[in-house]
Amino acid sequence: MFINHDYIENLLEKSKQATKEEIDSILDKADLHKGLSHQEIAILLQTEDEKQLKRIFKIAGNIKKSIYGNRIVVFAPLYISNYCVNNCKYCGYKRDNNFSRNRLSMKQIQEEVRILEKMGHKRLALEAGEDPVNCPIDYVLDSIEAIYNTKLDNGAIRRINVNIAATTVENYEKLKAKEIGTYILFQETYHKEIYEDVHPKSIKGDYEYHLTAFDRAMTGGIDDVGGGVLFGLADYKYEVLGLMLHNEHLEKEFGVGFHTISVPRLKKADGMTMEEFPYLVSDEEFKKIVAIIRLAVPFTGMILSTRESVEMRQEVIKYGISQVSAGSCTGVGGYKEHEMGMAKDQFELADHRSPMEVLKSLMKYGYIPSYCTACYRNGRTGDRFMRLAKSGQIQHVCQPNAMMTLMEYALDYGDEEFMDMAEKVIEQEVSNISKQKIKDLLINNLERLRNGERDLFL
Ligand code: SAM
């Protein structure tokens, strides 16, 4: 098995003895923006030295800028069912929690999607609890189809990433056939003993089955997979090494590692208290985690949710986050209920701003919010995406695409202030584009958008 407990523990122990010179030379290597091995990451995780930490943040910031420019991809989660047969100690949807459960009908899904489209969303993460009877794969597949088919005015969901429980190769093939974007699954914790403790007597409690889900997903033809751990369940150093080993395993077996890594931190939920969890991650540690992952896997997108506060989101965007959720509800039917002021959430959120507020704030701090879905729709997935990303070529399409989706948003959903901000950002960015052919294409496409055309991308 690619996660070996003794190996991780030994490596963490051994890495404590690294000299200043060794750490400096790892940081020199990180500065080449080509990534680091898990052995090197083990050493960086042990660093407490102020000067070295400062350098880690600086390099992470540089990698972020040179690979992702100033773009931040924006998405929202959509919860379709809170039926759950598992009893995860940390989760508000655990089976022991007594509340009236539901799953959305196709009509209700369409209602939720229309609300999300009215907010300007183009990318969703579909979320569901695990329940083979009340939430079978066919229901998930129908939901995906319903989402893609729901259009409101110029609104459309163009990419659905799916975060459902570990399943079979056959089910992954079915998800692939429905044209999902990334299949996302959090390992929650790589620490087997803790994993089994926090997932008592349940389907999800099978550590090996959960750990090998991406192998089955990739065997089933899904080539973009998104990993993550729930930070706060076990020692964060152990978890980051787990992520690295998992990524290296996928690279070796399938030629491509994680498309994205999510960094959720444990939040208060019904039926649990934070005091039950001894490994909670402090804000300082959290920033270090994000920066070190950025050094380790420069081309893997990093996702941050509204579990984090506005301030923390602004901070870690600098060091590595490339995708953020906005305007999120984590309840089933939450968007409609939110409008009516009565949602049952899976856990507490810290950023309650609307997407428009999030987008404005991103622009204010010099970022370009992007709803781009072009790579996936042009077949730039899996190793094809990674090759383009690693060659730096991807910049030439990402930047113009981000601006086109920003213009679309401004035209369809923005207020006057938004339009002013967007126009300024776009003008500035157009002038920064060095390739004349791409500049001309972009200017032409922006004009076509102003004239009412939609969904243009390179
Ligand atoms: N049922 C699917 C599974 O088993 O992977 C999807 C899980 S759920 C809809 C999405 C994620 O929410 C979980 O993987 C977990 O990491 C996260 N989550 C659950 N409880 C949480 C809490 N109290 N605080 C923060 N995140 C939590």
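Presented here is an overview of the structure given in this document. It should be emphasised that the depicted structure is a prediction, and the values quoted were computed from it without experimental measurement. (Residues numbered from 1 in each chain as written. Predicted model: local features only at pLDDT ≥ 70, side-chain atom pairs only at ≥ 80, totals over all residues. Heavy atoms only, no water.)

As a further point, take the site of the ligand. Neighbouring residues of the ligand: 22 residues in total, closest Tyr-90, Ala-128, Glu-188, Lys-267 and Arg-307. With respect to the ligand, the backbone of Lys-267 contributes an N or O atom lying 2.9 Å from a nitrogen atom. A distance of 3.0 Å separates a nitrogen atom of the ligand from a polar atom in the side chain of Arg-307. Looking at the shell around the ligand, its residues break down into 13 nonpolar, three polar and six charged. (Near = heavy atom within 4 Å. Polar contact = N/O pair within 3.5 Å; in protein donor to acceptor, adjacent residues only side chain to side chain. Nonpolar A, V, L, I, M, F, W, Y, C, P; charged D, E, K, R; others polar.)

Moving on to the layout of surface pockets. If a probe the size of a water molecule is rolled over the atoms, the empty space left behind becomes visible. In this structure, the largest pocket spans a volume of roughly 290 Å³. Lining the largest pocket are 19 residues, with Asn-247, Glu-251, Ala-296, Val-297 and Lys-390 sitting closest to its centre. Counting residues per element, the ones that place at least two in the lining of the largest pocket are α11 (236-254) and α17 (382-391). A per-element tally of the lining of the largest pocket places α11 first, with four residues. Residue composition of the lining of the largest pocket, by class: nine nonpolar, six polar and four charged. Here the lining of the largest pocket spans two domains, and each of domain 1 (5-65) and domain 2 (70-352) adds at least three residues to it. (1 Å grid on protein atoms, 1.4 Å probe; cavity = no way out; pocket = protein on both sides within 12 Å on 5 of 7 lines; lining within 4 Å. Points joined across faces, edges and corners; volume = space filled by probe spheres on them. Helix = DSSP H or I, 4+ residues; strand = E, 2+ residues; numbered from the N terminus. Domains from an automatic or database assignment.)

Here we come to the packing of aromatic side chains. Counted according to the given criterion, the structure contains 10 aromatic pairs. Ring centres 5.9 Å apart and planes at 80 degrees place the aromatic pair Tyr-183 and Phe-214 in the edge-to-face group. Of this pair, Tyr-183 sits in strand β6 (residues 183-184) while Phe-214 sits in helix α10 (residues 213-219), and the two are 31 residues apart along the sequence. Overall, the relative accessible area of 0% leaves Tyr-183 in the buried class. Residues Tyr-409 and Phe-418 carry aromatic rings whose centres are separated by 4.8 Å and whose planes lie at 45 degrees to one another, so their mutual orientation is tilted. (Phe/Tyr/Trp six-rings, centres within 6.5 Å; stacked < 30°, edge-to-face > 60°. Buried < 20%, exposed > 50% of the residue type's maximum accessible area, 1.4 Å probe, protein only.)

Turning our attention to helix α15 (residues 355-364). An α-helical turn contains 3.6 residues, so a residue and the one three or four places further along point in the same direction. Taking burial as the measure, the 10 residues of α15 include eight buried ones, the bulk of the element. Residues of α15 that are buried: Pro-355, Met-356, Val-358, Leu-359, Lys-360, Ser-361, Leu-362 and Met-363. Looking at the residues trailing α15, positive phi occurs at Gly-366, about 90 degrees.

The next point concerns the packing of helix α1 (residues 5-15) against helix α3 (residues 38-45). Two numbers describe how α1 lies on α3: the axes approach to 8 Å, and their chain directions differ by 55 degrees. By the angle between their directions, the pair α1 and α3 is classed as oblique. For the element pair α1 and α3, the recorded crossing hand is right-handed. Only His-38, Gln-39, Ala-42 and Ile-43 of α3 make contact with α1, whose side of the interface consists of Tyr-7, Leu-11 and Ser-15. Along the lines of polarity and charge, the residues of the contact of α1 with α3 split into four nonpolar, three polar and no charged. (Axes fitted to C-alpha atoms, helices over the stretch in contact; angles between N-to-C directions. Parallel < 35°, antiparallel > 145°, perpendicular 65-115°, else oblique. Left-handed = near helix turned anticlockwise from the far one by under 90°. Contact = heavy atoms within 4.5 Å.)

Right, let's get into the packing of α3 against α11. Contact geometry of α3 with α11 gives a least axis separation of 10 Å together with a crossing angle of 165 degrees. Considering the angle they form, α3 stands roughly antiparallel to α11. Pair α3 / α11 crosses with right-handed handedness. Between α3 and α11, the residues in contact are His-38, Ile-41, Ala-42 and Leu-45 and Tyr-236, Lys-237, Val-240, Leu-241, Met-244, Leu-245 and Glu-248, respectively.

Looking now at empty space enclosed by the protein. Evaluation of the coordinates by the stated rule reveals six cavities of 30 Å³ or more. Considering only enclosed or pocket space, the largest cavity measures out at about 750 Å³ in volume. Lining the largest cavity are 43 residues, and of these Glu-127, Asn-163, Phe-186, Arg-307 and Gln-346 sit closest to its centre. Going through the elements one at a time, β1 (71-81), β2 (123-128) and β9 (301-304) are the ones with two or more residues in the lining of the largest cavity.

By themselves, these observations are geometric and do not establish any function.
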